[in-house]
Amino acid sequence: NAGVTQTPKFRVLKTGQSMTLLCAQDMNHEYMYWYRQDPGMGLRLIHYSVGEGTTAKGEVPDGYNVSRLKKQNFLLGLESAAPSQTSVYFCASSYLGQGLSEQYFGPGTRLTVT
Amino acid sequence: GESVGLHLPTLSVQEGDNSIINCAYSNSASDYFIWYKQESGKGPQFIIDIRSNMDKRQGQRVTVLLNKTVKHLSLQIAATQPGDSAVYFCAEALTGGFKTIFGAGTRLFVKA
């Protein structure tokens, strides 16, 4: 099993450009999450999904949108990138919901917005 | 618990020694706690978890201790190896709750 995979691994955007980050998991997990990780801070939840066709806002959702059209995929979109969105983005999935099972993380996408 | 510092706390140990990494969590209602390991350039990796009805849990070379009275969690690594060098962070969650709260972490250096 590949676990959780993310594409791309690195990306540089200019302010105002858009992009989509793709997350895929092959563990048949219902729950998927998008986090950002900034220096010296803990992971912060952007959006999450509790199943195919569902999405919900996390702690820092502004400037991001998500879609979960297929159970194995969770897409994170930036419609108009801003320098404040420079970060490392991690996707995760879990078999059960919050507080019930651990999360499995992808390798991350390092995004720089100039 | 959460940290907004720019610099992570650092623990430096000699290879073969035991390591103890501490974490203060923020929500007294949290009932599920997890330790993750993150190597440079990689995603976090699950190490061990513990529920609030326990105060100790052991894995392979790792032990997690939970003190709910003072909201404190610790990770003990026995016979630390160079491959253990990484950032370790704790996470807390409430069963069925909105989110998992991740700490910023502690950087562990293992000297050969």
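Because the structure is a prediction, the values reported are computed rather than measured.

What exactly am I supposed to notice about the state of the cysteines here?
Covalent bonding between the sulfur atoms of two cysteines is what defines a disulfide. Residues and elements named next belong to chain A. Counting across every chain of the model gives two disulfides over all chains. A sulfur-sulfur separation of 1.9 Å characterises the disulfide bridge that pairs Cys 23 with Cys 91. Across the S-S bond linking Cys 23 and Cys 91, the dihedral sits near -75 degrees, which makes this disulfide left-handed. Taken together, the residues Cys 23 in strand S3 (residues 19–25) and Cys 91 in strand S9 (residues 87–94) connect sequence positions 68 residues apart. A single burial state applies to Cys 23 and to Cys 91, both of which are buried.

I would appreciate a short explanation of the interface of chain A and chain B in the present structure.
Bring the parts together and some accessible area is lost; that lost area is often taken as the interface size. In this complex, chain A contributes 22 residues to the contact, which on the side of chain B involves 28 residues. Of the roughly 1,800 Å² buried between chain A and chain B, counting both surfaces, carbon and sulfur atoms make up 55%. By the criterion of area lost to chain B, the three top residues of chain A are Gly40(A), Gln98(A) and Gly99(A), representing 28% of everything that side buries. Put simply, chain A and chain B have four residue pairs in polar contact (both at pLDDT 80 or more) between them. Elements with a contribution of two residues or more to the side of chain A that touches chain B: strand S4 (31–37) and strand S5 (44–49) of chain A. Residues that form the side of chain A that touches chain B fall into these classes: ten nonpolar, nine polar and three charged.

Got a minute to help me understand the side chain of Thr80(B) in this structure?
All names here are of chain B. Tracing the backbone through its elements, the reader meets Thr 80 in the loop between strand S7 (72–77) and strand S8 (86–93). Side chain to side chain, Thr 80 and Ser 19 meet in a polar contact 2.7 Å long. If we ignore the near neighbours within four places in the chain, the residues touching Thr 80 are Val 13, Glu 15, Gly 16, Asp 17, Asn 18, Ser 19, Arg 61, Leu 108 and Val 110.

Please explain the confidence of the model for chain B as it appears in this structure.
A low pLDDT means the predicted coordinates there should not be read in detail. The pLDDT averaged across chain B works out to 91; a share of 94% of its residues lies at or above 70. Note on residues 1–6 of chain B: pLDDT is under 50 here. Beyond four places in sequence and across chains, it has 22 contacts.

Any chance you could explain unusual backbone geometry here in plain terms?
Among all residues save glycine, negative phi is the norm, and among peptide bonds the norm is trans. Cis geometry is found at the peptide bond from Thr7(A) to Pro8(A), where omega equals -5 degrees. Tracing the chain through its elements places Pro8(A) in the loop between strand S1 (4–7) and strand S2 (10–13). Phi at Arg61(B) takes a positive value of approximately 65 degrees, unusual for a residue other than glycine. Topologically, Arg61(B) is positioned in the loop between strand S5 (56–58) and strand S6 (62–67). A positive phi angle, close to 50 degrees, is found at Ala79(B), a residue other than glycine.

It is not clear to me how the pairing of strand S7 (residues 64–67) of chain A should be interpreted in this structure. Could you clarify?
Along any regular strand, the residues point their side chains to alternate faces of the sheet. All names here are of chain A. Side chains of S7 alternate between two faces, with Tyr 64 and Val 66 buried and Asn 65 and Ser 67 left unburied. Sheet topology note: the S7/strand S8 (residues 73–78) ladder contains four bridges and is antiparallel. Within S8, the position partnered with Tyr 64 by the bridge is Leu 78. Hairpin connection, S7 to S8: the antiparallel pair is bridged by five residues.

Scoring rules and cut-offs
- Here the residue numbering is sequential within each chain, running from 1 through the sequence in written order.
- Labels are handed out in written order, letters beginning with A for the chains and numbers beginning with 1 for the ligands.
- Only residues with pLDDT of at least 70 get local features here, since the model is predicted, and only at 80 or more are side-chain atom pairs given and counted; chain-wide, interface and lining totals rely on the full set of residues.
- The side-chain quantities take in all heavy atoms of the structure and omit both hydrogens and water.
- Note on terminology: pairs of cysteine sulfur atoms within 2.5 Å are recorded as disulfides.
- Only DSSP runs of H or I with at least four residues qualify as helices, and only runs of E with at least two residues qualify as strands; both kinds are numbered from the N terminus onward.
- When accessible area is computed with a 1.4 Å probe and restricted to protein chains, residues below 20% of their type maximum are described as buried, those above 50% as exposed, and intermediate ones as partly exposed.
- Two residues form a contact once any of their heavy atoms are found within 4.5 Å.
- The term buried area means the drop in 1.4 Å probe accessible area that two parts suffer when joined, counted for both and summed.
- Distance and chemistry together define a polar contact, namely a pair of N or O atoms within 3.5 Å, with one atom able to donate a hydrogen and the other to accept it when in protein, and with adjacent residues in sequence counting only for side-chain atoms on both sides.
- In this classification, the charged set is Asp, Glu, Lys and Arg, the nonpolar set is Ala, Val, Leu, Ile, Met, Phe, Trp, Tyr, Cys and Pro, and all remaining amino acids, among them Gly, are polar.
- As a per-residue quantity, pLDDT reports the predictor's confidence and falls between 0 and 100.
- When DSSP locates at least two bridges between a pair of strands, those strands are taken to pair.

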